[in-house]
Amino acid sequence: MTAAVSIRGVTKRFGTDVTAVDNVTLDIVDGEFFSLLGPSGCGKTTMLRMIAGLEFPTEGSIQIFGEELALRPPNKRPVNTVFQSYALFPHMNVEKNVAFGLEMRKVDKAVIKEQVADAIEAVHLKGMEKRKPSQLSGGQQQRVALARALVNRPKVLLLDEPLGALDLKLRQAMQIELKDIQSEVGITFIYVTHDQEEALTMSNRIGVMNFGNLLQVGTPEEIYERPVNRFVADFIGETNFIDGTVADDGRIRIAGGALVYARGDAPAGADVTLTLRPEKIWIHSRGAADLDPERNQLPGKITRRLYYGESIYYEIELEDGTLVDARHENIPSLQRRDVGDEVTITFHRQAAEALVS
Amino acid sequence: MTMLDERPSEEANPELERKAERAESWRGFFTALPTYLYLVVFFVLPLIIITVISFAERSRTGKPVLGEWTLDWWIKLGDPLVRSVVFRSVWLAFLNTLLSLLLGYPFAYWIATRKSALMRNFLLVLVLIPFWSNFLVRTYAWRTLLDSNGLVTKVGEMTGLWGKMLFTEPAVFLGLLYGYLPFMVLPLYAAIEHLDWNLVEAARDLYADARKAFIKVTLPLSKPGIIAGSILVFIPSLGAYVTPDLLGGSKTTLLGNYIVTQFKSGRNWPFGAALSVTILAIMMVATIIYFRKGGKTL
Amino acid sequence: MSVQEGTAHRPWVDKVLTVNGWLIFAFLYLPILILVIYSFSDSKVVGIWGGFTWKWYNRMIHNPEMMGALWNSAKVAFISTIISTVLGTLAALALDRYRRWLGKGAFDVIMYLPVIIPEVTMGAMLLIWFTQILPVNLSLTTIILGHIAFSASFVTIVVRARLANLDDSLEEAAADLYANRWTTFRRITLPLIMPGVMGGALLALTLSLDDVVITEFVQGPGASLLPVYVFGLIRRQVTPEINAVSTLMLALSMMLVFISLAFQARSISKSKNKEA
């Protein structure tokens, strides 16, 4: 595995009191689809802009295929960017926009013509060459932006929330298309987004950021199933948090005194927070006989029911008053519960993750 | 500065980041430099010099004598004659601003609330034409109207309401109003046109009658236009020269003519300088008060 | 985007507003109209209709002083417009596109002062500066220098407004696509702020062609501009010939209005396309 982008100890401070990116170290593998995920203001866009050369780091090293270019201006870097607003040149037509980068690099005119035509065809915009950006729909503008960047055969393609301005249906279609294009051209994509679902479905790996720190890097599964801290668990998907302490036998004692099994390596006596995804919780009638002894069991009462169509959410109050959400798929074999039902919830011993609080 | 044009292959550190920021900052400085120098030489320094000159003695030809200083010209501002010129100018400028606002607001409101965009644009062009038209020519038009053979005079004589107005204070006032009304209307129009009418509807929904909604919502929200328009009318009215000269004659001297007189026939440049600084000061004070008051009362 | 929906007035309010509106338009236009009409009147006295004639225009064209002043005006307007457009645009770029630089705060204030300073003060201070401090003779050059000193600021205001509406990421995209600074400016920034630059230039041109006060202060002997020359004529005696030259000046102003409107309409229709 060669590192396409190797980031070492990169910090960006604006003025004296704003640290947008704080000592980030990260390797992005050649050919992977890597997402930087986090809420707005977490530093992900600043990180991307530093790779693009639109900002210079305060400290640290950014290498692309072994070449140090932390301080190199954007026009001298082998990367291209798809901007959030697309940044299509409004006074140039589609063809001129796509040709811009090649022209700047003084590529032979005939070659430009051919490559531009190929790029436009690749994003299914044939016949639109002479249109101005203002005459295109949002999705079409997005494709032009993509073609304009890809036509330069960059070593790394940077995408700054490129689907943010599109409506849901179009966004989903473009997600698939982007993924296809990426596997076709085999270029490393670095994708900035605040949409966790988008990051989960598209990426090979995800880096989660908050307050300028890179909190966790991993595959979508790792990030979702084994979050390293409360922020990551909360930001990706939905989850329940249950406070507890590690008992001597390694189980977790939660408020109310019940003992449950969970994953994690916190030492005995440590305060922890359990994170437990709603879809991993099963609901049984109180006193049901067929409960799997290998699963954690907690008694509770249904206090709320929300009907979502494809699923149903139940809010369950545990004996100590802790509220937990459980999600049931809306299939006939699962029994419907009503508010007020006395129930027992169960979850697998590997389902909950004990995070050191 | 040259660093960025090479192909640096160093890691970043705060020193290099500062260097890059400095290079960028110098680039901004050099972009502004030609204009900066021009304004220093042909605006800032002249402004300082005119203030200095207002303390200089006067030679026999009326020019300032550098090196001999006096407070006479500033003391002279207290003369009853000078004071009356200053007061008349400020009063007329104030009155003109007020009347322009009273006439201009319903006018701008009317244009901005026409239903058809085509009609709005057409009316706007009708305002733009006098706005851009030569000021001298527009003032001259009134000179002929107000003269003995002028249409306005004839109408006045026929109805017995007024006589020949040329070379009187009302004529000057009429000229100022005519000259600067478009300066009031355009910013007002822009402010009213940009209004979010949902807010007015919300006020109506919350039991405000049409008048209350106007006073409580529309008027305060068009404040930026009122301020901009008032300043645009007040400043040139205060320094008016062409209008009082053509329509007022010798009887209604305003600050503008009075200053020009000092430099031309009056032969007292240092006193002219003191008056010029005074008019600038009045304008600054008025602008600041207006901004402050506007912020509180509206 | 229909803005005008919340303005349901009672009919009488609307009627009063409409009558008032047309009365004000009459107030604004009738004097000009009468002025134009009398420029065709075959009578020495303005105000008495003496039948149609072109003779005042004919006399105007054959008045060498007037034509000389017109030519001077054209020269001054042309040169001062070009220089103030360049200076004003540079200043707008420096103020809008560079976050921080030496003396920016002061420049931001100085740049706007010429817009709000009374013309007489500006004229007086330039006169003192040229005749008492700088060793120069008053001439067309001093008029040009004076005109630039106030119109550059107007250009800056117009161009800066345009720049503020220009998406920064367009220039970043150009840099990302291998364009250097100069190419980015030439290919992206300049074409996109061009409507603003042209608007500013038209404003500078109008200001220069209209100016009486500053020109009267800093003009040299025997080299006047048209408005100042006409001003002098009016002071001496009102003649229909002045109506003729006034009509000419009005036509010129009007032409500039329509040129600037055409520019605006083009940039508006472009931005409308973008929304659709």
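Before going further, it helps to spend a moment on the domain arrangement of chain C. Residues and elements named next belong to chain C. In terms of domains, chain C is made up of domain 1 (3-38) and domain 2 (65-275). Measuring from the centre of the C-alpha atoms in domain 1 to the corresponding centre in domain 2 gives 32 Å. With four residues of domain 1 in contact, the opposing surface of domain 2 contributes five residues. In total, domain 1 and domain 2 occlude about 380 Å² of area from one another, counting both sides; carbon and sulfur atoms represent 71% of this. For the pair domain 1 and domain 2, the interface holds zero salt bridges. For the interface between domain 1 and domain 2, the tally reads one residue pair in polar contact (both at pLDDT 80 or more). Classifying every residue of the side of domain 1 that touches domain 2 gives four nonpolar, no polar and no charged.

What follows covers the confidence of the model for chain C. All names here are of chain C. The pLDDT averaged across chain C works out to 90; a share of 93% of its residues lies at or above 70. Taken element by element, the predicted model of chain C shows its lowest mean pLDDT in helix H11 (residues 240-275) (80) and its highest in helix H3 (residues 64-97) (96). Note on residues 1-6: pLDDT under 50 across the span, and 15 contacts to partners over four residues away in sequence or across chains. This model gives residues 272-276 a pLDDT under 50, and the stretch forms two contacts once residues within four places in sequence are excluded. Model confidence for the complex: the whole-complex pTM is 0.88, and ipTM, which rates the interface, is 0.90.

Here helix H2 (residues 94-104) of chain A lies mainly inside the structure; eight of its eleven residues are buried. Listed as buried for H2 of chain A are Val 94, Asn 97, Val 98, Ala 99, Phe 100, Gly 101, Leu 102 and Met 104 of chain A. The inward-facing, buried residues of H2 of chain A contact helix H3 (109-122) and helix H4 (138-150) of chain A together with helix H7 (168-176) and helix H8 (181-210) of chain C. Backbone nitrogen of Glu 95 of chain A and a side-chain oxygen of the N-cap are separated by 3.2 Å at the start of H2 of chain A; the cap is Asn 93 of chain A. Phi turns positive one or two residues past the end of H2 of chain A, at Lys 106 of chain A, with a value near 60 degrees.

Rules used in this analysis
Residues numbered from 1 in each chain as written. Chains lettered and ligands numbered in written order. Predicted model: local features only at pLDDT ≥ 70, side-chain atom pairs only at ≥ 80, totals over all residues. Heavy atoms only, no water. Domains from an automatic or database assignment. Contact = heavy atoms within 4.5 Å. Buried area = accessible area lost by both parts, 1.4 Å probe. Salt bridge = Lys/Arg side-chain N within 4 Å of Asp/Glu carboxyl O. Polar contact = N/O pair within 3.5 Å; in protein donor to acceptor, adjacent residues only side chain to side chain. Nonpolar A, V, L, I, M, F, W, Y, C, P; charged D, E, K, R; others polar. pLDDT = per-residue confidence, 0-100. Helix = DSSP H or I, 4+ residues; strand = E, 2+ residues; numbered from the N terminus. Buried < 20%, exposed > 50% of the residue type's maximum accessible area, 1.4 Å probe, protein only.

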